[in-house]
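What follows is each chain in one-letter form.
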There are 2 protein chains.
Amino acid sequence: MTRYAAMAADIAQSIHAGVLQPGDKLPSVRSCCAARGVSPSTVFQAYYLLEARGLIRARERSGYYVASGAHHPPPEPEIARLPPPASLTVDVSERVFSILQASFQPGTVGLGSAFPAPQHFPWSKLAQSLAACARQAQPHDLLDDLSTGHSGLRRHIARRYLADGMPLHMDDMVITNGALEALNLCLSAVTRPGGAVVVESPCFYGALQALERLGLQAIEVPTHPRDGIDLQALEAAITTHRPQAIWLMSNFHNPLGSLMPAPHKQALCDMAARLQIPVIEDDVYGELYFSARRPLPIKAYDRAGWVLHCSSFSKCLAPGWRIGWVTAGRFTQAVARQKLTTSISTNAPAQAALAHYLEGVGYDKHLRQLRHILLTQRDAMAQAIAQYFPPGTRATRPEGGYLMWVELPEGCDALALHQQALTAGISLAPGPVFSASQRFERCIRLNFGLQWDARTIPALQQLGQWCAEMQQHGIRR
Amino acid sequence: MTRYAAMAADIAQSIHAGVLQPGDKLPSVRSCCAARGVSPSTVFQAYYLLEARGLIRARERSGYYVASGAHHPPPEPEIARLPPPASLTVDVSERVFSILQASFQPGTVGLGSAFPAPQHFPWSKLAQSLAACARQAQPHDLLDDLSTGHSGLRRHIARRYLADGMPLHMDDMVITNGALEALNLCLSAVTRPGGAVVVESPCFYGALQALERLGLQAIEVPTHPRDGIDLQALEAAITTHRPQAIWLMSNFHNPLGSLMPAPHKQALCDMAARLQIPVIEDDVYGELYFSARRPLPIKAYDRAGWVLHCSSFSKCLAPGWRIGWVTAGRFTQAVARQKLTTSISTNAPAQAALAHYLEGVGYDKHLRQLRHILLTQRDAMAQAIAQYFPPGTRATRPEGGYLMWVELPEGCDALALHQQALTAGISLAPGPVFSASQRFERCIRLNFGLQWDARTIPALQQLGQWCAEMQQHGIRR
């Protein structure tokens with residue numbers, strides 16, 4: 001972490017802890033330099049960062065002050081108390097489609113979207129790589145690397161993992177049509193129809209749709225809004241129901257934003273090896289961390305090869321290119337063959353172009369900018385929720401990604417809010433789409449990675465107001 | 001058909017029928033002009049074409065003569081006599097992989113490949129389109145058209161069908177990661193694990209692998225090397241076994257090269273509507289016809305919406321780009337949702353680039369050239385088989401595509417030949433990979449769309465010699 005980022009983090013913590021209160025004046029730049037032994041530009045950068053995050057405000061000729069409401073981010077939700085998990089037939093796909101399809105209207109304030117705004121990505125650089133590779137392509141390039149993918153691209157991905165402290169062999173990697181194909185190939189490789197699979201509660205609806213399509217049962221295990229899946233409940237569910245696999249998201253979970261602590265990841269790997277159960281890990285948000293270092297995925301702790309690790313560039317670099325990958329441990333050959341028999345291989349020009357782009361240093365620079373935008377917008381959204389939503393509203397504080405889970409107070413209903421929002425051109429993702437048992441009827445998932453503009457705060461204000469009205473006048477459907 | 005092509009076709013027919021014998025002199029250009037009322041250049045073009053196809057030879061200062069062996073293309077195989085079809089559990093995938101994987105070695109004479117040689121495709125034009133589109137791309141383009149695909153590309157594909165006399169609505173079309181994904185989505189949409197599906201015998205091994213992966217039984221129906229699936233046997237199989245779908249290839253079948261006559265296609269559509277059974281049609285070779293007009297797919301005769309029609313650009317224009325499509329009649333929404341839940345959407349830059357390429361007139365010109373190459377090489381391969389393979393060898397005469405089915409005489413074994421060929425750097429596709437019941441042990445599939453070079457004829461000669469040795473000395477394994 002840079003000096004100014006560390007300094008900003010210290011001050012933010014003081015504000016959140018109430019040490020610094022709204023209206024309090026921050027130390028002058030000169031006194032800060034003296035106290036911390038840093039340069040004035042470091043202090044300025046830290047203050048600019050805190051200002052962008054909505055935590056402090058500059059007053060002309062006077063200095064910086066803690067912003068009003070800055071010390072009240074909404075409280076975090078508790079883990080949902082659920083009965084011991086049952087093995088459920090999944091029948092959600094139609095419901096999910098009918099709920100979410102309406103959200104894709106152009107012009108909508110996309111709080112319900114599952115992607116960051118396309119404006120956040122380095123399109124012109126990617127286009128240059130695509131054009132450069134297209135000019136150089138040789139006919140045989142297009143048929144080489146059938147199935148497993150472009151060797152240069154696999155090498156770059158493996159190098160990035162290595163730099164983060166996770167050695168992976170590029171020959172164990174298969175390039176896929178986005179992470180969703182990777183996850184589906186893994187699920188097909190390790191399950192048989194009629195079996196059961198553990199998912200988080202709440203979980204990414206794509207996992208539920210995959211189970212439904214393959215005729216698999218779902219076992220929903222309670223998942224903590226900050227720390228991820230409850231390991232005790234997980235082990236109990238495995239020994240009770242003998243599932244064929246676990247499907248989960250350890251870093252910046254969709255929809256919770258939760259992050260499994262490293263010891264939990266280690267414990268999960270040990271459990272998987274002990275109980276001989278495949279773990280399908282969806283790590284599409286892993287690169288979008290707000291801390292100093294990338295949180296390692298579960299795969300990094302996997303000595304016995306039970307973890308099938310999936311990721312992609314769709315959330316970090318190139319949505320719409322549909323380039324993902326999987327490294328599947330002991331199931332690598334099975335997954336590679338699933339790929340060959342379902343879609344043969346992945347678009348060759350896009351793979352070559354990404355390999356070309358990754359040759360340069362642009363990706364890390366882009367990621368730093370993107371993380372900065374997302375962190376800033378996370379705080380702005382938390383502030384807006386604290387300010388405009390009724391008391392009793394809770395929200396997660398994701399340490400990465402761009403998805404926030406909001407628990408509305410008693411008397412509110414997520415599906416009713418979703419309907420009302422759509423009529424006003426606002427989308428959100430209502431809680432029940434994240435559960436095979438249709439729980440979380442008072443929760444919503446909001447995307448803080450959208451293009452933040454003049455409509456965003458009014459949209460959040462409007463959502464808060466509707467929630468208050470529901471509490472007062474009851475839910476209209 | 002052009003005048004010269006029509007003239008060449010007439011002469012070729014006379015040679016095949018034995019009216020013109022090897023060594024016979026063809027009429028002089030002058031007398032041809034007089035007799036047919038055509039220009040000298042038309043006659044020259046016809047003679048050049050016949051020469052390229054290996055049917056005639058020029059002798060200096062003397063004129064054109066029928067080539068030796070030209071009147072003896074190998075006889076066509078008969079339809080395989082099979083017992084009434086049973087419903088079989090499919091367990092072929094591992095075997096197919098272990099047999100075919102060895103064929104992918106670089107430097108192999110690719111008679112076993114399932115793709116035409118990459119040299120046959122307009123890569124530089126495609127690269128120009130890719131670069132032009134990449135420069136113009138707007139961020140929002142990349143997220144629009146989620147799932148169903150680029151609207152410009154769907155419009156161009158629909159227009160091509162319309163020009164061939166098959167009106168299709170672009171809104172009923174989903175762009176996929178090649179035809180194989182399209183076929184798999186269709187299969188998932190219309191079947192449930194444990195059900196059964198009719199396939200041709202022999203059939204594309206990808207169909208068998210798909211059934212195996214989804215836990216479906218196969219019902220193999222005899223298929224004629226020239227006319228495609230036996231409709232009487234098909235109806236009997238449907239009424240006996242009540243399958244959930246039929247999966248077939250009506251135009252230039254893989255591996256047979258067969259072409260269903262139009263009345264058969266009409267009858268199949270009537271049967272599907274009467275028996276209410278979905279027909280999954282794989283039409284990836286439809287554009288590679290040698291006759292004057294595109295043979296319409298089964299879908300063209302489908303009034304009731306039971307046909308799920310799949311195709312792609314992988315065999316005609318851009319292998320490795322993995323761009324296919326499906327238009328699924330009454331199952332369109334189900335297939336679109338399968339797509340959204342398995343891979344969301346298809347690579348956006350490649351779709352835009354293909355739409356850009358199809359704006360021009362290059363595609364039809366490219367197809368004409370490709371068809372000409374394939375037809376020429378088909379005849380050259382037929383000649384080589386007639387000349388170098390032992391008596392009793394039979395081979396199909398595909399009217400399109402690039403796959404020829406060769407039935408070796410008694411005493412030969414396709415798997416043994418395959419093994420022997422691999423050691424000499426020659427690939428072929430042995431018959432048993434095209435059957436759930438491992439039939440066709442004396443058949444091989446050869447690719448005449450390969451890069452025809454100085455190694456091709458010697459490779460075919462060598463294969464023929466090994467066959468003769470097997471007949472004499474028995475099969476060594």
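Residues numbered from 1 in each chain as written. Chains lettered and ligands numbered in written order. Predicted model: local features only at pLDDT ≥ 70, side-chain atom pairs only at ≥ 80, totals over all residues. Heavy atoms only, no water.

### Observations regarding the overall build of chain A
For clarity, the cut-off: Strands here mean DSSP runs of E at least two residues long; helices mean DSSP runs of H or I at least four residues long; both are numbered from the N terminus. Radius of gyration: over C-alpha atoms. The globule rule applied is 2.2 Å multiplied by the number of residues raised to the 0.38 power. Three exposure classes are used, based on accessible area relative to the maximum for each residue type with a 1.4 Å probe and protein chains only: buried under 20%, partly exposed in between, and exposed over 50%.
Scanning chain A from N- to C-terminus turns up 15 helices and 17 strands. Against the globule reference of 23 Å for 477 residues, chain A gives a C-alpha radius of gyration of 23 Å, in line with a compact fold. Dimensions of chain A, computed from C-alpha atoms along their principal axes, come out at roughly 65 × 55 × 45 Å. Per-residue burial over chain A gives 60% buried out of 477 residues.

### Notes on the interface of chain A and chain B
Applied cut-off: We call two residues in contact whenever any of their non-hydrogen atoms come within 4.5 Å of each other. Values labelled buried area give the accessible surface lost by two parts on being combined, using a 1.4 Å probe and summing over both. Salt bridge, as used here, is a side-chain nitrogen of Lys or Arg placed within 4 Å of a carboxyl oxygen of Asp or Glu. Note that Gly is not counted as nonpolar here; it falls among the polar residues with everything else outside the nonpolar set of Ala, Val, Leu, Ile, Met, Phe, Trp, Tyr, Cys and Pro and the charged set of Asp, Glu, Lys and Arg.
Tallying the contact residues gives 42 residues for chain A and 42 residues for chain B. Taken as a group, R213(A), R337(A) and T341(A) account for 15% of the area that chain A buries against chain B, more than any other trio of residues on that side. On inspection of chain A and its partner chain B, the count reaches two salt bridges. A salt bridge links R337(B) to E94(A); the shortest N-O distance between them is 2.3 Å. Mapped onto the side of chain A that touches chain B, the elements with two or more residues apiece are α4 (93–100), α5 (123–136), α7 (178–190), α8 (205–213), α11 (332–342) and α12 (348–359) of chain A. For the side of chain A that touches chain B, the leading source of residues is α5(A), giving six residues. Across the side of chain A that touches chain B, the residue classes break down as 21 nonpolar, 15 polar and six charged.

### Some details on the sheet that holds strand β17 (residues 443–447) of chain B
Residue and element names in this part refer to chain B. Here is the rule we go by: Two strands qualify as a pair provided DSSP detects at least 2 bridges between them.
Pairing is antiparallel in the open sheet, where four strands are placed in the order β13-β14-β17-β16. Edge positions in the sheet fall to β13 (394–395) and β16 (429–430), since each has one partner strand and no second. Alignment of β13 against strand β14 (residues 403–407), held across two bridges, turns out to be antiparallel. Within β14, the position partnered with R394 by the bridge is E407.

### So, the sheet that holds strand β17 (residues 443–447) of chain A
The four strands are arranged β13-β14-β17-β16 (chain A) in an open sheet whose pairing can be described as antiparallel. Where the open sheet ends on each side, the last strands, each with one partner, are β13 (394–395) and β16 (429–430) of chain A.

### Some words on the pairing of β17(B)
All names here are of chain B. Of all the five residues making up β17, five are buried; the element is thus mostly covered by neighbouring parts of the structure. As paired elements, β14 and β17 share five bridges and run antiparallel to each other. For V406, the partnering residue across the bridge sits in β17 and is I444. Bridge count for β16 against β17 is two bridges, and the pairing is antiparallel. Bridging across to β17, P430 finds its partner in I444.

### Considering the packing of α7(A) against helix α11 (residues 332–342) of chain B
Keep this limit in mind: Convention adopted: a line fitted to C-alpha atoms gives each axis, helices being fitted over their contacting stretch, and angles between N-to-C directions are expressed from 0 to 180 degrees. Just so you know how the angles are binned, under 35 degrees is roughly parallel, over 145 roughly antiparallel, 65 to 115 roughly perpendicular, and the rest oblique.
Interhelical geometry of α7(A) versus α11(B) gives an angle of 95° and a closest axis separation of 7 Å. Between α7(A) and α11(B), the angle is such that the two are roughly perpendicular. Facing α7(A), whose interface residues are L180(A), E181(A) and N184(A), α11(B) presents L340(B), T341(B) and T342(B). The residue makeup of the contact of α7(A) with α11(B), split by class, is two nonpolar, three polar and one charged.

### With respect to the nonpolar core
To keep things clear, this is the line we draw: Definition of nonpolar core: a set of buried residues of the types Ala, Val, Leu, Ile, Met, Phe, Trp, Tyr and Cys, connected through side-chain atoms within 4.5 Å.
L463(A) and L463(B) are the most contacted members of the largest nonpolar core, which has 287 residues in total. Excluding residues that lie within four positions of it along the chain, L463(B) makes contacts with L111(B), F389(B), L417(B), A421(B), I426(B), L428(B) and L446(B).

### Section: the packing of helix α13 (residues 362–388) of chain B against helix α15 (residues 456–473) of chain B
Relative orientation and spacing of two packed helices are given, respectively, by the angle between their axes and the distance between those axes. Residues and elements named next belong to chain B. Quick reminder of the rule: Rotating anticlockwise by less than a right angle from the far helix to the near helix defines a left-handed crossing, while the corresponding clockwise rotation defines a right-handed one.
Here α13 crosses α15 at 35°, and the two axes come no closer than 9 Å. Note that α13 runs across α15; the crossing there is right-handed. Across from M381, A384 and Y388 in α13, the residues of α15 making contact are I457, L460, Q461, G464 and Q465. The class makeup of the residues in the contact of α13 with α15 is five nonpolar, three polar and no charged.

### Details of empty space enclosed by the protein
We apply this condition: Using a grid of 1 Å spacing that covers the protein atoms alone, one calls a set of points a cavity when a 1.4 Å probe fits there but cannot get out, and a pocket when the set is open and has protein on both sides within 12 Å along at least five of seven lines; lining residues are those with an atom within 4 Å of a point. Grid points are joined across faces, edges and corners, and a volume is the space filled by probe spheres set on the points.
The full count for this structure, using the stated rule, is three cavities of 30 Å³ or more. Taken as a whole, the largest cavity holds about 250 Å³ of empty space. What lines the largest cavity is a set of 17 residues, among which S188(A), R213(A), T342(A), R213(B) and T342(B) lie closest to the centre. Only α7 and α11 of chain A together with α7 (178–190) and α11 of chain B provide two or more residues apiece to the lining of the largest cavity. Taken together, the residues of the lining of the largest cavity break down into four nonpolar, nine polar and four charged.

### Some thoughts on unusual backbone geometry
A negative phi angle characterises most non-glycine residues, just as the trans form characterises most peptide bonds. With an omega of 5°, the peptide bond running from S201(A) to P202(A) counts as cis. Assignment of secondary structure puts P202(A) in the loop between β6 (196–201) and α8. Looking along the chain, the bond that leaves N254(B) and enters P255(B) is cis, with omega of 15°. If you trace the backbone, P255(B) turns up in the loop between β9 (245–248) and α10 (262–275). Its identity is not glycine, yet R322(A) carries a phi of approximately 55°, on the positive side. Along the polypeptide, R322(A) turns up in the loop between β11 (307–312) and β12 (324–327).

### Topic: the domain arrangement of chain A
To keep it simple, the criterion reads: A domain assignment, automatic or from a database, supplies the domain bounds used here.
The domain architecture assigned to chain A consists of domain 1 (3–66), domain 2 (87–119 + 364–473) and domain 3 (122–361). A straight line from the C-alpha centre of domain 1 of chain A to that of domain 3 of chain A covers 39 Å.

### What about the packing of aromatic side chains?
Our working rule: Stacked, edge-to-face and tilted labels apply to pairs of Phe, Tyr and Trp rings (six-membered ring for Trp) whose centres lie within 6.5 Å, assigned for plane angles under 30 degrees, over 60, and everything in between, in that order. When the NZ atom of lysine or the CZ atom of arginine is within 6 Å of a ring's centre and also within 35 degrees of its normal, the charge is said to sit over that ring.
For the coordinates displayed, the defined rule picks out 26 aromatic pairs over all chains. Residues F313(B) and Y363(B) carry aromatic rings whose centres are separated by 6.1 Å and whose planes lie at 70° to one another, so their mutual orientation is edge-to-face. A residue pair is termed long-range when its members are at least 10 positions apart, and F313(B) in the loop between β11 (307–312) and β12 (324–327) and Y363(B) in helix α13 qualify at 50 residues. Assessed through its relative accessible area of 3%, F313(B) is described here as buried. Classification of Y363(B) as buried rests on a relative accessible area of 3%. One aromatic cluster is present, formed by Y161(A), F313(A), W325(A), Y357(A) and Y363(A) through successive ring pairs. Geometry around Y65(A) places R59(A) over its ring, the cationic atom sitting 3.8 Å from the centre. Stacked on the ring of Y289(A), the Lys or Arg R371(A) has its end atom at 4.0 Å from the ring centre.

### What about the pattern of salt bridges?
Residue and element names in this part refer to chain A. If you walk through the whole model with that rule in mind, you get 32 salt bridges over all chains. With its nearest N and O atoms 2.7 Å apart, the salt bridge here joins R226 to E76. Of the two residues, R226 sits in the loop between β7 (217–224) and β8 (228–229) while E76 sits in the loop between β2 (63–66) and β3 (87–89), which places them 150 residues apart along the sequence. In this structure R226 comes out as partly exposed when scored by relative accessible area, which is 45%.

### Thoughts on the relation of the copies chain A and chain B
Applied cut-off: Alignment of copies: least-squares fit on C-alpha atoms of residues with pLDDT of at least 70 in both copies.
Between the two copies, chain A and chain B, the superposition gives an RMSD of 0.1 Å; the rotation angle is 180° and the shift along the axis is 0.0 Å. In the structure described here, the two chain copies are related by an operation that fits a two-fold rotation axis. Considering only C-alpha atoms, the residue of chain A closest to the rotation axis is A131(A), which sits at 2.1 Å. Comparing contact sets, 100% of the residues at the interface of chain A also lie at the interface in chain B, consistent with an isologous, same-surface contact.

### Structural notes on the state of the cysteines
For clarity, the cut-off: Any two cysteine sulfur atoms within 2.5 Å of one another count as a disulfide.
Within this structure, the stated rule accounts for zero disulfides over all chains. With no disulfide of its own, C203(A) has C443(A) as its nearest cysteine by sulfur position, at a separation of 14 Å. The buried category is assigned to C203(A), whose relative accessible area is 3%. Of all cysteine sulfurs, the one in C310(B) lies closest to C269(B), which takes part in no disulfide; the gap is 14 Å. Classification of C269(B) as buried rests on a relative accessible area of 6%.

### Observations regarding the pairing of strand β7 (residues 217–224) of chain B
All names here are of chain B. We count it as follows: Seen with the strands pointing away from the viewer, any crossover whose path from the first strand over the helix to the second strand runs clockwise is right-handed.
Most of β7 sits out of view: six of its eight residues are buried. Where strand β3 (residues 87–89) meets β7, three bridges bridge the pair, whose relative direction is antiparallel. Bridged to L88 within β7 is A218. The pairing of strand β6 (residues 196–201) with β7 spans six bridges and is parallel. Paired with V197 across the bridge in β7 is A218. You can see the chain leave β6, run along helix α8 (residues 205–213) and come back into β7, and the turn it takes is right-handed. Where β7 lies against strand β8 (residues 228–229), two bridges are found, and the strand directions are antiparallel. Among the inter-strand pairings, H224 is bridged to a residue of β8, identified as G228. Connecting β7 to the next strand, β8, in antiparallel fashion are three residues.

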